[in-house]
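Fold and geometry: a report
Now for the letters of each chain:
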Amino acid sequence: MSSRRPPAAAAASPSAFPFTKLLVFLTLGLIVTSRMLASRAKSSAPSSVAYVVVAHALTYPSLGEALLAALVLYQLRVMEVACGPSKYGGLVVCCGLIGYGLEAVLGRLVDVSGASGLHPVIFSLLVGYFLDVPRQSRFSLFGVGLSDKSFLYGMAGWLAVVHGGRSLLSAGSGVIGGYLYWGSGVLQRVAVPEGLVAWL
């Protein structure tokens, strides 16, 4: 992604942002599924390690948090429309791997487990949103200078602090992962195959 690219039109067709739709679907669909599985698990054998890891990485602990995360992801769709689904898919994969890896390593160092959900992915994407998507309008509220991007930053800020140190660890890992991605020309060349994009 080149720096300061213009944002895409908000009215773009949903076919222009398939990975955004997938992330939103996972965010909202998995919390419902996890609630159903949790109710059944009370009388069954303990969950496998793989299930626990996937649930931690993708599932939010509350519906309200999942809804807010889904809204943030949907607002970030301008990046997918601007750079194309194939490139955006590569971005999500790279930032997810880096962000979750950092979360695990830093969590061991400070003895804090990260918050459940897509925090590392979301905050990695927010780095690109900050760097590449210019402000379209500015305004003042009670003497404080704001822009059309401030509302999104406010929602992300709440996600970063809602679970204290746990969510700050996950958000911080995502931010570091995002800057590592945008600072690497090699990583920015990673793209998802067009065949997979077409399937989505």
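See the structure above.
Definitions and cut-offs
- Residues numbered from 1 in each chain as written.
- Predicted model: local features only at pLDDT ≥ 70, side-chain atom pairs only at ≥ 80, totals over all residues.
- Heavy atoms only, no water.
- Buried < 20%, exposed > 50% of the residue type's maximum accessible area, 1.4 Å probe, protein only.
- Helix = DSSP H or I, 4+ residues; strand = E, 2+ residues; numbered from the N terminus.
- Expected span 1.5 Å × (residues − 1).
- Phe/Tyr/Trp six-rings, centres within 6.5 Å; stacked < 30°, edge-to-face > 60°.
- Lys NZ or Arg CZ within 6 Å of the ring centre and 35° of its normal.
- Patch = residues over 30% accessible without salt bridge, like charges linked within 9 Å, V, L, I, M, F, W, Y side chains within 5 Å.
- Areas by Shrake-Rupley, 256 points an atom, 1.4 Å probe, with all protein chains shown as cover.
- Salt bridge = Lys/Arg side-chain N within 4 Å of Asp/Glu carboxyl O.
- Pairing = 2+ DSSP bridges.
- Axes fitted to C-alpha atoms, helices over the stretch in contact; angles between N-to-C directions.
- Parallel < 35°, antiparallel > 145°, perpendicular 65-115°, else oblique.
- Contact = heavy atoms within 4.5 Å.
- Left-handed = near helix turned anticlockwise from the far one by under 90°.
- Nonpolar A, V, L, I, M, F, W, Y, C, P; charged D, E, K, R; others polar.

Phi at D111 is positive, roughly 60°, even though this residue is not glycine. By relative accessible area, D111 is classed as exposed at 70%.

As a further point, take helix 5 (residues 85–110). Over its 26 residues, helix 5 extends 36 Å from the first C-alpha to the last, a length consistent with the 38 Å expected when each residue adds 1.5 Å. Where helix 5 terminates, the next one or two residues include D111, which has phi positive at roughly 60°.

Before going further, it helps to examine the packing of aromatic side chains. Under the counting rule described, the total for this entry stands at three aromatic pairs. Aromatic pair F17 and Y74: ring centres 6.0 Å apart, planes at 80°, arrangement edge-to-face. Of this pair, F17 sits in the segment before helix 1 (18–41) while Y74 is found in helix 3 (residues 63–75), placing the two residues 57 residues apart along the sequence. Arranged with centres 6.0 Å apart and planes meeting at 80°, the rings of Y129 and Y153 form a pair that is edge-to-face. One end of the pair, Y129, is in helix 6 (residues 119–132); the other, Y153, is in helix 7 (residues 150–161), with 24 residues separating them in the sequence. When the ring centre of F17 is taken as reference, the NZ or CZ atom of R77 above it lies at 5.9 Å. The ring of Y74 has R77 sitting right over it, with the charged end atom 4.0 Å from the ring centre.

Turning next to a nonpolar patch on the surface. There is a patch of nonpolar side chains on the surface, built from L22, F25, L196, W199 and L200 and spanning about 540 Å² of accessible area. For the nonpolar patch, the secondary structure elements donating two or more residues are helix 1 and helix 9 (194–199). Turning to its location among the elements, L196 is positioned in helix 9.

Before going further, it helps to spend a moment on the pairing of strand 2 (residues 144–147). Bridge count between strand 1 (residues 138–141) and strand 2: four bridges; the pairing is antiparallel. Bridged to F139 within strand 2 is L146. In this structure, the hairpin formed by strand 1 and strand 2 is closed by a connection of two residues, where F142 is found at a positive phi of approximately 55°.

Once that is clear, we can look at the packing of helix 7 against helix 8 (residues 165–182). Packed helices, taken two at a time, are described by the angle between their axes plus the distance between the axes. It is at 6 Å that the axes of helix 7 and helix 8 come closest, and there the two elements cross at 125°. Relative to helix 8, helix 7 is oriented oblique. On helix 8, the residues that touch L159, A160 and V161 of helix 7 are S167, L168 and A171.

What follows deals with the packing of helix 3 against helix 6. Here helix 3 crosses helix 6 at 30°, and the two axes come no closer than 11 Å. Comparing the axis directions of helix 3 and helix 6 gives the class roughly parallel. Taken as a pair, helix 3 and helix 6 cross one another with a handedness that is left-handed. Mapping the contact onto sequence places E65, A69, V72 and L73 in helix 3 and H119, I122 and L125 in helix 6. Residue composition of the contact of helix 3 with helix 6, grouped by class: five nonpolar, one polar and one charged.

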